Each structure stands twice: as structure tokens, then as C-alpha cells.
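So you can see what is in the structure, the chains are spelled out below.
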2 protein chains.
Amino acid sequence: MTAPDFCLADTACEHMVADVPTARPETPVAQVIAALRGQHFACADTIFVTDAGGALQGIVRINDLFANGAACIAEIMEPEHEAVTADADQEAIAQLAIRLNMIAVPVVDDAGHLIGAVPPEALFRILREEHMEDLQRLAGIGAHEAGPEAALDAPLRDRFARRLPWLVFGLAASTIVTLVMIRFEEALQANVTVAFFVPALVYIAGAIGAQAVSVSVRGLSTQDVSIAALLRDEMAIGLAIGAALGLLAGGGVLAVFGDALLALAVGIAVLAGGAVSAVVGFALPWAFKRLGSDPAMGSGPVCTVIQDAASLLIYFGVVSALIL
Amino acid sequence: MTAPDFCLADTACEHMVADVPTARPETPVAQVIAALRGQHFACADTIFVTDAGGALQGIVRINDLFANGAACIAEIMEPEHEAVTADADQEAIAQLAIRLNMIAVPVVDDAGHLIGAVPPEALFRILREEHMEDLQRLAGIGAHEAGPEAALDAPLRDRFARRLPWLVFGLAASTIVTLVMIRFEEALQANVTVAFFVPALVYIAGAIGAQAVSVSVRGLSTQDVSIAALLRDEMAIGLAIGAALGLLAGGGVLAVFGDALLALAVGIAVLAGGAVSAVVGFALPWAFKRLGSDPAMGSGPVCTVIQDAASLLIYFGVVSALIL
């Protein structure tokens, strides 16, 4: 078995070890155990079973190797042995391990020949890294080449540089929201009370959207969930949440300001803005994934600015129609 | 070895298995290997070494058990064998495994006697669960008793119910921001242009704060990082980011509106609001952890509303001082 010469970052290749114990299906169990002795494997917790040509046939967990009084490996091997290729994305490898309850994931070449395995220690690191990366990306912090853990004690200038770009982009994108405000200058001038609810509306749209982004990012990292079904659900939940919060917000405005039309405008803006935010927050990470980018990127300025602008457009639209 | 009768959720107890292979330091290696055969262990990848009384002495990874021509276990065991107790939090267990490169973590009673181990499969599940939980909590979605994975296909009503509470609380908290707006009604009435920048300011404060929250949550889950140093860094980065964005925002306002005082007000509000948001976003998760709560909770409405209110207070304060 030989490992590839060149590895892409965050792939099986980067994490695999080549010296793993192997056996043939017909080999007697006693012989396999005897052969393990005196050798140091980087990952002796799983025996990888191949045919004479080196094609992966199955795996035997060490727990089962010892336990069984079986005559040969074929009797105890797990033939459902899904494997990954060297260029497989690290997140998919960890998911496969969890789904199939494997503690080491076999790596094969394009012809299905075993070239190594991703050992449990590497799977721990991958899971931890994906966790930290999601936290970073959702917050719009650029990745550090030494991994997300290194990022915490990188030089200040470096941390500053990885955080600024999204924010600058966000600031630029937020001019769209400012343009929406300018567009409705007349409404604001006619009744300045209308401006009071702008920050709360922006806040609520963002909060509903953040939940939708979280559901989307989680859904996309779980292979057996249907995105169409989740999107339909998200629309329903967004409308239900928007309706509940819209009633509360409208009721609150009516109670305090005694202005039924203003209360109606705020209520409708929360309802419709909430539903739009839920759908946008859910769909953008999915779109980013389809474009080959990280789904967690979909939570950035693009998402927030669309949500904010949509909420305010709906709000001022209703205000203009009802009040002015 | 007997497992405890009752387990708290998300503790070592919940994930541990009791049937793990054990050995004494003085046992010959060959005898340990022979003894493994014919038994099924839930976790045969690590041999746990105890003294005659059952007190944990060290661990031997299966890789090393086979590799060495050592006479007895003491020669190959890893005596740095930090263990956890049954009530240890699951996140701490996974961190320990990663830090010490263990693939199974020994669980001991208060007297240091081995009672079992958390196997690699459980460590995978824990790492995955903590990841999903952080995504949920950062978005203010309540935990599902069946775990974060179950949450995606829970009934719609259930998902709605887990998302609404934080949003209702957020809506209530956002009245504080509305009160800030009302407080400055006069400034708005005198110059409605002032209102144009409100959503962008709220957006930028939130975006800077979200980055700080992410750094804080990551820092808190890494034991060997000093919080005081991170807070000082966060203050410096917040000020630097605020200054950079403040210059850009102020410059933009000056270029488009040609109003130097308004540009200065927007610039100062972005600068000061950004620094406040960074510090609040960083400190709140830490405070939540000190109060025994999950740090990721610190990203909720409390954090956002403080950031939004602070940004707007600074903005209107400067506007009132400079323009009116």
C-alpha cells in the first residue's frame, strides 16, 4: 500500500495512515492474531480484509477478532465496508464513521484497492475541527491555514485580518439597507414614529434568520435529510413564528401607541419579514453548498442584508399603503 | 467493575461501557494477549492497567500491545493516564481524549478505581453532538431531549415550540432598543437623515458581536487558553475593527451626503459601537459559563439587544452633541 504523494487539505489523504493490519477472508483468525504480534501498526483497532489483488472486502473490528471462535476472517468480517477515496472531504469521512459505527475508515483508490485508513485519533480531530470551523464561518471569520484551534493564539494582526474582510463586505452590503431607508424618507418625515420600530424589526428578522441558517447548516451536514422537506417545513415554521411574533408586536404597539394602523403595519412586517428571513436563511447556505462553497458561509452579510432589506421594504410598503 | 445505577444526561456515565480489557502492570504481555481471546469486549482497543485493588495505573493502546516484544505490561503502559469520573461532562471527556491522544477514556470512581471506559464510538457521537448543540444554541433554538440530530425531523409543532421562546424573549428585549429610538425622537424629527443609518449601525454592531461570541465560545471550549488574555485581545481587535469600519463608514457618508458632522457621528458610532459589541459579545458567553449555563447561550437576545442599544445610544449621543 502506498499513500499518494500529494494531499489536498481537509481530505482523507491528509489524515490517513498507510500501515494498517490487513488479512484475507480465508485466513484463519488465529493466524491473523499471531501475525499482528511484533509489528507496530498506526491503527491496529481494525483489520482490513482484502482479496489477493488488494481490493477491500470488509473490515473486522478488533473487539470481534478476539471474541469469536471463528475459523477464518470471512466468518466475522463486516462486509458492509463503505470506504472513501483519498480525495474525500474530511467531514464526509467522519459522518461515514458515525453512520456505520466504524472507528477507522478504510481509504481505497479508484479501483477499490485499500491504500490505508483514517484512524480514530484523526476522526476525533476532524470532528473537533469541523465544529470550530462552523463556529468561525457562521460568524464570518476567515479560516486559519493552521486550523481553527491555532486561530485563537495567532498574532493580533493576523486575527484582525481574518475578521475584517466579511465586515467590510457587510458594511458595503448594508448600504442597500440604508438605500431602503432613504427611499422612504418621505414616510419617515411625515411620521417619525415610524422610525422607532426599525431596529427591532431588523433584530427580529435577523434572529429568525439565524435559526433558519442553523437548521440549514445542520441539515446539510446530515446526509439522510431531504432538503425539499426541510425547506417546506422552514416556510411553515417561519410563517407560524412570524404570525406569533407579529401578533405580539402589533398588540404591543397598539397598547402603547393606541395607533391601530401603525400596529397593523408592525404586525404585518414581523409576520412577512419573519417568513422571508426563515426562507432566505435556510436557502442561502444550501445555495452556497450547491456552488461548491461552505454552507456556513451562507450566514454572512449577504443573508443578513437580504433579510434586513426585505423586512424594511415590507414594513415601509405597508406603512405607506396604510398610513400615508 | 460495576456501572452506576443512575446516569445524568451528557456525562461519562451515560456513554461508558463496563466490559473493557484490564491487566496488571506485572502481567506478561503474552498472557494479556492470550486472555483477550474468546471474550467480547465493548472496547478492546485499549487495555486498562490497574493494581490489585482496581486502582487505575495506566493504559496500553492495542497498537503498542502487539508491537512490543516487552516482557510485561508495565514496560509498555502509558502511565499518564488521566481519567474522568462518572459524572464528568461529555465535552470535557472528548477534549481529554484529543489532548492526550487517547481513543478510549478511562472512567474511575472517587477512589480512582476503574469502573469502565468511554469507547471511541461514543467519543465520535459526543463530538458530533456538541457541534450540533452549539449551532442550535448560538441560534437560540431549545435543546431536544432526544439530542440535536433528532431535532431535524421532530414534528413541526415541536420544532416551532423550541424556536419560539428565545424569539419572544428577544422581541420583549428589543423594546429597549425601541425605547432608545423614542428617547431621541427630537433628534430624528429635527433631521430625518439621522434615521437612515440606524439599520446599518445595528447590523455592523451585530456582525462584530457575532465574531466575538464565536471566539469566546471556541476559547471556552479549549482549556489551555487564558480568558483574560483573550478578552484583552478582543478589546484591541474590536477597537481596530471599529476604527477601520468607522473610517470607511464615515468616509462613505461624507462622500455621499457631504455632511462632515453626520459623517463624524456615524464614524464614531461604528468605532465605539464596534468595540462595545466585541467586548459584550466576548464577555457574555464567559459570564453564562460562570453562572453554570452553556456559553453558547450568551449569543442570544441579551447580547444582541445590549449591542444594538449601546450602538444607538452612542450614535444618538454623538448626533445630539454634534448636530443639534
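Residues numbered from 1 in each chain as written. Chains lettered and ligands numbered in written order. Predicted model: local features only at pLDDT ≥ 70, side-chain atom pairs only at ≥ 80, totals over all residues. Heavy atoms only, no water.

- Under an unreviewed UniProt entry, the name given to chain A is Magnesium transporter, and the source organism is Rhodovulum adriaticum.

## As for the overall build of chain A
Thought 1: If you tally the helices and strands in chain A, you get 14 helices and six strands.
Thought 2: Here the C-alpha radius of gyration of chain A, 27 Å, is well above what a compact globule of 324 residues would show, namely 20 Å.
Thought 3: In chain A, which comprises 324 residues, the share counted as buried stands at 57%.
Thought 4: For chain A, the accessible surface area stands at approximately 12,400 Å², while carbon and sulfur atoms represent 61% of it.
Thought 5: Charge-centre separation for chain A: the mean point of 16 positive side chains lies 5 Å from the mean point of 34 negative side chains. (Helix = DSSP H or I, 4+ residues; strand = E, 2+ residues; numbered from the N terminus. Rg over C-alpha atoms; globule rule 2.2 N^0.38 Å. Buried < 20%, exposed > 50% of the residue type's maximum accessible area, 1.4 Å probe, protein only. Areas by Shrake-Rupley, 256 points an atom, 1.4 Å probe, with all protein chains shown as cover. Lys, Arg positive; Asp, Glu negative; His and termini not counted. Charge placed at Lys NZ, Arg CZ, Asp CG, Glu CD.)

## Focus: the relation of the copies chain B and chain A
Thought 1: Once chain B is rotated about the relating axis by 180 degrees and shifted along it by 0.0 Å, it coincides with chain A to within an RMSD of 0.1 Å. Taken together, the rotation and translation relating the two chain copies correspond to the operation of a two-fold axis.
Thought 2: By residue overlap, the copies meet face to face through one surface: 100% of the interface positions of chain B are interface positions in chain A. (Least-squares fit on C-alpha atoms with pLDDT ≥ 70 in both. Contact = heavy atoms within 4.5 Å.)

## Notes on empty space enclosed by the protein
Thought 1: Tallying each qualifying case throughout the model produces five cavities of 30 Å³ or more.
Thought 2: Computed from the structure, the largest cavity encloses a volume of approximately 950 Å³.
Thought 3: Forming the walls of the largest cavity are 44 residues, and the residues nearest its centre are Leu138(A), Gly206(A), Ala210(A), Gly206(B) and Ala210(B).
Thought 4: Sorting the residues of the lining of the largest cavity by element identifies α6 (120–138), α7 (156–173), α11 (198–220) and α14 (301–322) of chain A together with α6 (120–138), α7 (156–173), α11 (198–220) and α14 (301–322) of chain B as the ones contributing at least two each. (1 Å grid on protein atoms, 1.4 Å probe; cavity = no way out; pocket = protein on both sides within 12 Å on 5 of 7 lines; lining within 4 Å. Points joined across faces, edges and corners; volume = space filled by probe spheres on them.)

## Quick notes on the interface of chain B and chain A
Thought 1: Of the residues lining the interface, 101 residues belong to chain B; the matching set on chain A comes to 101 residues.
Thought 2: Together, the buried faces of chain B and chain A total about 8,900 Å²; carbon and sulfur atoms form 70% of this surface.
Thought 3: Our enumeration of links across chain B and chain A arrives at eight salt bridges.
Thought 4: The closest approach of N and O atoms between Arg61(B) and Asp45(A), which form a salt bridge, is 2.4 Å. (Buried area = accessible area lost by both parts, 1.4 Å probe. Salt bridge = Lys/Arg side-chain N within 4 Å of Asp/Glu carboxyl O.)

## Re a nonpolar patch on the surface
Residue and element names in this part refer to chain A.
Thought 1: Together, Leu261, Leu264, Ile268 and Leu322 make up a nonpolar patch on the protein surface, roughly 290 Å² of accessible area in all.
Thought 2: At three residues, the largest contribution of residues to the nonpolar patch is made by helix α13 (residues 260–290).
Thought 3: Examined against the element boundaries, Leu261 turns out to sit in helix α13.
Thought 4: Taking the relative accessible area as the measure of exposure, Leu261 reaches 40% and is therefore partly exposed. (Patch = residues over 30% accessible without salt bridge, like charges linked within 9 Å, V, L, I, M, F, W, Y side chains within 5 Å.)

## What about the nonpolar core?
Thought 1: If you look at the biggest cluster of nonpolar residues, it comprises 94 residues, and the most contacted ones within it are Tyr315(A), Phe316(A), Tyr315(B) and Phe316(B).
Thought 2: Once residues lying within four places of it in the same chain are set aside, the contact partners of Tyr315(B) are Val194(B), Phe197(B), Val198(B), Leu201(B), Leu262(B), Ala265(B), Val266(B) and Ala269(B).
Thought 3: Ranked by size, the runner-up nonpolar core spans 61 residues in total, among them Ala12(A), Ile115(A), Ala12(B) and Ala117(B). (Core = buried A, V, L, I, M, F, W, Y, C linked by side-chain atoms within 4.5 Å.)

## Some thoughts on the pattern of salt bridges
Thought 1: Summed over all chains, the structure comprises 16 salt bridges over all chains.
Thought 2: Of the charged contacts, one joins Asp233(A) and Arg232(A) as a salt bridge, the two residues approaching to 3.5 Å between their closest N and O atoms.
Thought 3: Owing to a relative accessible area of 11%, Asp233(A) belongs among the buried residues under this scheme.
Thought 4: Measuring nitrogen to oxygen at the nearest pair gives 3.1 Å for the salt bridge that ties Arg137(B) to Glu133(B).

## Concerning the sheet that holds strand β1 (residues 22–23) of chain A
Residue and element names in this part refer to chain A.
Thought 1: Pairing is mixed in the open sheet, where three strands are placed in the order β1-β2-β3. Looking at the sheet topology across the chains shown, the edges are occupied by β1 and β3 (56–61).
Thought 2: Pairing of strand β2 (residues 46–50) with β3, which is carried by five bridges, proceeds in the antiparallel orientation. Paired with Ile47 across the two strands is Val60, which belongs to β3. (Pairing = 2+ DSSP bridges.)

## Topic: the side chain of Thr193(A)
All names here are of chain A.
Thought 1: When you line up the elements, Thr193 lands in helix α10 (residues 193–196).
Thought 2: Thr193 gets classed as buried once you look at its relative accessible area, which sits at 16%.
Thought 3: A polar side-chain atom of Thr193 sits 2.9 Å from a polar atom in the side chain of Asn191.
Thought 4: Among residues more than four places away in sequence, those in contact with Thr193 are Phe257 and Leu262. (Polar contact = N/O pair within 3.5 Å; in protein donor to acceptor, adjacent residues only side chain to side chain.)

## Points about the packing of aromatic side chains
Thought 1: Overall, the coordinates contain 12 aromatic pairs over all chains when judged by the stated rule.
Thought 2: Centroid distance Phe124(A) to Phe124(B): 5.3 Å. Interplanar angle 65 degrees. Geometry classified as edge-to-face. One end of the pair, Phe124(A), is in helix α6; the other, Phe124(B), is in helix α6, on a second chain.
Thought 3: Residue Phe124(B) is classed as buried on the basis of its relative accessible area of 2%.
Thought 4: Through a chain of ring-to-ring contacts, the aromatic side chains of Phe184(A), Tyr315(A) and Phe316(A) assemble into a single cluster.
Thought 5: The ring centre of Phe184(A) lies 4.8 Å from the NZ or CZ of Arg183(A), which sits over that ring. (Phe/Tyr/Trp six-rings, centres within 6.5 Å; stacked < 30°, edge-to-face > 60°. Lys NZ or Arg CZ within 6 Å of the ring centre and 35° of its normal.)

## A look at the domain arrangement of chain A
Thought 1: Parsing chain A into structural domains produces domain 1 (12–125) and domain 2 (174–322).
Thought 2: The straight-line distance from the C-alpha centre of domain 1 of chain A to that of domain 2 of chain A is 49 Å. (Domains from an automatic or database assignment.)

## Description of the sheet that holds strand β1 (residues 22–23) of chain B
Residue and element names in this part refer to chain B.
Thought 1: Here we have three strands laid out as an open sheet, ordered β1-β2-β3, and mixed in their pairing. Strand pairing shows two members of the sheet lacking a second neighbour, β1 and β3 (56–61), which therefore form its edges.
Thought 2: Alignment of β1 against strand β2 (residues 46–50), held across two bridges, turns out to be parallel. Across the sheet, the residue bridging to Ala23 is Val49, located in β2.

## Focus: helix α12 (residues 227–257) of chain A
Thought 1: End to end, α12(A) covers 42 Å across 31 residues, agreeing with the expected 45 Å (1.5 Å per residue, within 8%).
Thought 2: Within α12(A), the full set of buried residues consists of Leu230(A), Asp233(A), Glu234(A), Ile237(A), Gly238(A), Ile241(A), Gly242(A), Leu245(A), Gly246(A), Ala249(A), Gly250(A) and Val253(A).
Thought 3: Where α12(A) is buried, its residues meet α11 and α13 of chain A together with α7 of chain B.
Thought 4: Following α12(A) by one or two positions, Gly258(A) has its phi on the positive side, about 60 degrees. (Expected span 1.5 Å × (residues − 1).)

## Comments concerning the UniProt feature "transmembrane region" (unreviewed entry) in chain A
All names here are of chain A.
Thought 1: Taking the numbering used here, the UniProt-annotated feature "transmembrane region" (unreviewed entry) corresponds to residues 164–182, 194–215, 236–257, 263–288 and 300–323.
Thought 2: Note that residues 164–182 is 95% helix and 0% strand, and that its end C-alpha atoms are spaced 27 Å apart.
Thought 3: The straight-line gap between the two end C-alpha atoms of residues 194–215 is 33 Å; of that span, 95% is helix and 0% is strand. (UniProt positions renumbered as here; feature names shortened; annotations may be inferred.)

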